[in-house]
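Descriptive structure summary
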Amino acid sequence: MPIFDIDFETMPREGLEAIQLRRLQTTIARVYATVPFYRQQFDNAGITPKDIQSLKDLQHIPFTVKQDLRDNYPYGMFAVPMEQVVRIHASSGTTGQPTVVGYTRRDVDTWANLMARSLAAAGAGAGDIIHNAFGYGLFTGGLGAHYGAERLGASVIPVSGGNTKRQITIMKDFKPTILCGTPSYILHLAEVADDMGVDFKDLFFKSGIFGAEPWTENMRQELESKLHLKAVDIYGLSEIIGPGVSIECKEEQNGLHVFEDHFIVEIIDPETGEVLPYGESGELVFTSLTKEAFPVIRYRTRDISSLNPTPCACGRTFVRMTKPAGRTDDMLIIRGVNVFPSQIESVLMENQTIRPHYQLEVDRKGNLDTLTVKVEINEGVFSDDIKSLQTMENKIAHDIKEMLGVTAKVRLVEPKTIQRSQGKAVRVIDKRNF
Amino acid sequence: MLAEQISIFIENKEGRLAEVTAILRDADVNIRALSLADTTDFGVLRLIVNDNEKAEQALRKEGFTVGRTKVLAVEVSDEPGGLNKVLDPLWMQNVNVEYMYAFANPQCKNAIMVFRFDDHDKALEILEKHQIKVITTEDISRL
Ligand SMILES: [Zn+2]
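Calculation criteria
- Residues numbered from 1 in each chain as written.
- Chains lettered and ligands numbered in written order.
- Predicted model: local features only at pLDDT ≥ 70, side-chain atom pairs only at ≥ 80, totals over all residues.
- Heavy atoms only, no water.
- Helix = DSSP H or I, 4+ residues; strand = E, 2+ residues; numbered from the N terminus.
- Buried < 20%, exposed > 50% of the residue type's maximum accessible area, 1.4 Å probe, protein only.
- Contact = heavy atoms within 4.5 Å.
- Areas by Shrake-Rupley, 256 points an atom, 1.4 Å probe, with all protein chains shown as cover.
- Core = buried A, V, L, I, M, F, W, Y, C linked by side-chain atoms within 4.5 Å.
- Donors = N, O, S within 2.8 Å, 3.2 Å for Na, K, Ca; no water.
- Tetrahedral: all angles 85-135°; square planar, octahedral: opposite > 155°, others 65-115°.
- Buried area = accessible area lost by both parts, 1.4 Å probe.
- Salt bridge = Lys/Arg side-chain N within 4 Å of Asp/Glu carboxyl O.
- Polar contact = N/O pair within 3.5 Å; in protein donor to acceptor, adjacent residues only side chain to side chain.
- Nonpolar A, V, L, I, M, F, W, Y, C, P; charged D, E, K, R; others polar.
- Pairing = 2+ DSSP bridges.
- Axes fitted to C-alpha atoms, helices over the stretch in contact; angles between N-to-C directions.
- Arc of directions from axis to C-beta.
- Lys, Arg positive; Asp, Glu negative; His and termini not counted.
- Parallel < 35°, antiparallel > 145°, perpendicular 65-115°, else oblique.

The name given to chain B in an unreviewed UniProt entry is Amino acid-binding protein, with Desulfotignum balticum as the source organism.

Put into C-alpha cells, the structure is as follows:
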C-alpha cells in the first residue's frame, strides 16, 4: 500500500524526535509572544520558552483544557492576526459557547496533507472515487476529508450527511470506492440500502474511513460484513486540527498512527496529570507542532487511550494510539452530538417544581444512537390526567431537542425505580458498550 | 358535594396492578371502583375506595406517587336513557366529560357513575337544578 508522505511517515525515531523538538521550540516561542493566555500560563508556572531544551521539558508546561478555549471565545487563542486566517471552524457548543478554531493558508495545506496521508493509509489513491458522507459546514469532518481527497488526487463526491436514499443511488451510479462518514450514520445508511434492495456486495467500496465518534471492534465487524469493505478508524478534534490527527492503517487495523511530525501525543493520568509510560491507559493530550492560527499546547482531550510504540507491518514509524475507549468525564456522544447529563438535568429543572431523579439510557437501535430520558414522577408534577402527563413528556423532549440538538424519548417512571449506587442515582446507562 | 378519587402513577409492567390491589387488601381497604388509563409506557390508576386516608398512606409507604382528585359521583337509574338524563343537560350547557367510569351500587340495581368534568362547579349547579343526586365521599364510604 503506497504511503503518501513516505519520508516523514517512515522516518527513524531519532530524526523524528529532532524535528519534534525543533518544531516544539518554535511553537512555544510563538505562542508565548502572541497568545496572552499561553504567556500567562508560562508565567504562572515560572517557565520561559528558553526552558524547553528537550522533549521531556514539555512535561513542565501546564495543560490547556476545553474551558480555556471557551474562556477565550471566539478568537482569543488565535496566534495570528485575522488577515492571515483563511478558514474558521467550530465545534458543537452544547455546553454554552462553541469552540472556534482558525486556519492559516498553511494550516489548511498541512491539514490537506494529513488527510491525504490518512486516506492513503486506508487504501485510497489517485483513481479512487471518495464518497464523503461527513457533514460539510462548521464541523471539520466534511471539508477535512474533502481537501485530503483532492490532495491525494482522488475524485471526491461531496455528498455530506443526510438524504440517505439519494446517497445510495449515487453509490450505485457513481461507483465510489472509498466511503467516509460517522459509523452510526453509515450503519443507518446500510439499513436504508437494505430496505431499498441494494446489496453492498454489488457496490464498489474497498475501504471505509469512519470517525468523529467512538466505535467498537464489534461495530467494525458489523460494518465490514454489511458493507463489504475494510473499515478503518480516523481520529481528530477540531481543537487539534480536525480529522487526520491519527489513522489506522489498512494493513493492521490495530491502533491509530499519530502523525507525530505535526503533533506530540502524551498519555496522562487524568487525576494527577502525571505522564504515563507506553502501554498504560490514560487521557490523550496533544501539542501541535506546526499549527499557525490555532496552536494548542498540551491540550487535554478527555479521551481515554494508550500508546503502542511497536513497529507496524505497514512500515510507518509513528506510534499508535488504541481506539479511544471512552471519556474521562461523563460526556456522552449521541449521534455525534455532545451531551452532558447536567444539561438534561437543567432542562428537567425548568420543567419541574422539585429536583428530578432521572437517568439517561443510551442505546443503539437500528444502528442509530437512541437516548431515553427516564424521569421519576413525583407528587409535585403528578396529575391523574394522562394527557397532561404526556404533554409533560413531550415538552421535556422538545426542550432537550431545542437546547441540546438531540432527539430524546422521555419516559416517566415510578418513584425510586432508577438505580442508585451508594445513595446516588446512576445517571447514565450506556448500552452501546464502548 | 364532590367525591374524592385517589390516583396512582404506575408503569406498564406485568403484575403492577395486582401489586396495588394487594397493598390495598393488606391495608384492609375496600375498592369500590377502579379505572386504568394508560399509554404504552405508563398508566394512571383511578380508584374509589371506602377509606382514602388509609389507602393513600399504604400506597405512599410502598413508594407510589398518589394524588387526590375531586370527582362527581352520580347515581344513574337502571333503565334505558338513564345516563342521558345526566349527560344531556350538561352537554347542552357545554360542560365536558374528561373521563368517566362506573360501579354498581351494592344496595340496589343502580349504577354509580364517576365523572371528571372540565367545570365541576357548573356541573354541580346544573345537576342540582335537574334534581340529580350527587354522591359524596361520605356516602361512598357508607356503601
Ligand atoms: Zn500501521
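1. What about the overall build of chain A?
Looking only at helices and strands, chain A features eleven helices and 22 strands. Taken across its 434 residues, chain A has 58% of its residues classed as buried. Expressed as a percentage of contacts within chain A between residues at least 6 apart in sequence, the contacts between residues at least 24 apart total 65%. Carbon and sulfur atoms make up 51% of the accessible area of chain A, which amounts to about 17700 Å² in all.

2. Considerations on the nonpolar core
Residue and element names in this part refer to chain A. Formed by 72 residues in total, the largest nonpolar core has its most connected members in Y38, I209 and F286. Tallying contributions element by element places helix 5 (residues 105-121) first for this core, with eight residues. One finds I344, V373, V381 and L412 within the second-largest nonpolar core, a separate group that totals 31 residues.

3. Section: the coordination of the zinc ion
Around a metal, the ideal angle is 109.5 degrees if four donors adopt a tetrahedral arrangement and 90 or 180 degrees if six donors adopt an octahedral arrangement. Residues and elements named next belong to chain A. Protein coordination of the zinc ion is provided by C249 (SG), H257 (NE2), C312 (SG) and C314 (SG), with donor distances spanning 2.1 to 2.2 Å. For the zinc ion, the four donor atoms are set out with angles of 99 to 116° between them, so the coordination reads as tetrahedral. Looking at C312, the relative accessible area reads 10%, which means it is buried.

4. Quick word on the interface of chain A and chain B
By a widely used convention, the size of an interface equals the accessible area lost when the partners come together. Taken residue by residue, the interface counts 18 residues in chain A and 24 residues in chain B. Regarding the contact of chain A and chain B, the summed buried area is about 1600 Å², with carbon and sulfur atoms giving 55% of it. At the junction of chain A and chain B, the tally comes to six salt bridges. Two residues, A:D384 and B:R46, come together in a salt bridge whose shortest N-O distance is 4.0 Å. There are nine residue pairs in polar contact (both at pLDDT 80 or more) connecting chain A and chain B. At the level of secondary structure, the elements contributing two or more residues to the side of chain A that touches chain B comprise helix 11 (386-404) and strand 19 (409-413) of chain A. In terms of residue class, the side of chain A that touches chain B is made up of seven nonpolar, four polar and seven charged.

5. Remarks on the sheet that holds strand 22 (residues 428-430) of chain A
All names here are of chain A. Read across the sheet, four strands follow the order 19-18-17-22 without closing on themselves; strand pairing throughout is mixed. Bordering the open sheet on either side are strand 19 and strand 22, each of which pairs with just one other strand. Neighbour-to-neighbour, the strand axes of the sheet open up by a mean angle of 20°, direction not taken into account. Across the sheet, helix 11 touches strand 18 (368-376) and strand 19, and the angle it forms with strand 19 is around 140°.

6. Observations concerning helix 1 (residues 16-26) of chain B
All names here are of chain B. Every buried residue of helix 1 is listed here: R16, V20, I23 and L24. One side of helix 1 carries all its buried residues, which in axial view fall inside an arc of 95°. Every exposed residue of helix 1 that faces more than 90 degrees away from the buried side is listed here: R25 and D26. Next to the buried residues of helix 1 lie strand 1 (3-11), strand 2 (31-38), strand 3 (42-49) and helix 2 (52-61). Positive phi appears at D28, one or two residues downstream of helix 1, with a value of about 65°.

7. Here's the deal with the side chain of A:K291
Residue and element names in this part refer to chain A. Mapped onto the secondary structure, K291 falls in the loop between strand 11 (282-288) and strand 12 (299-305). This buried residue, K291, is left without a salt bridge; D107 holds the nearest opposite charge, at 5.9 Å. Excluding residues within four positions of it along the chain, K291 makes contact with R30, G102, D107, E239, I240 and I241.

8. Here we look at the packing of helix 7 (residues 164-174) of chain A against helix 8 (residues 183-195) of chain A
All names here are of chain A. Look at helix 7 against helix 8: their axes get within 10 Å of each other, and the N-to-C directions meet at 75°. Accordingly, the angle class assigned to the pair helix 7 and helix 8 is roughly perpendicular. In contact with T164, K165, Q167, I168 and M171 of helix 7, helix 8 contributes Y185, H188, L189, V192 and A193. The residue makeup of the contact of helix 7 with helix 8, split by class, is six nonpolar, three polar and one charged.

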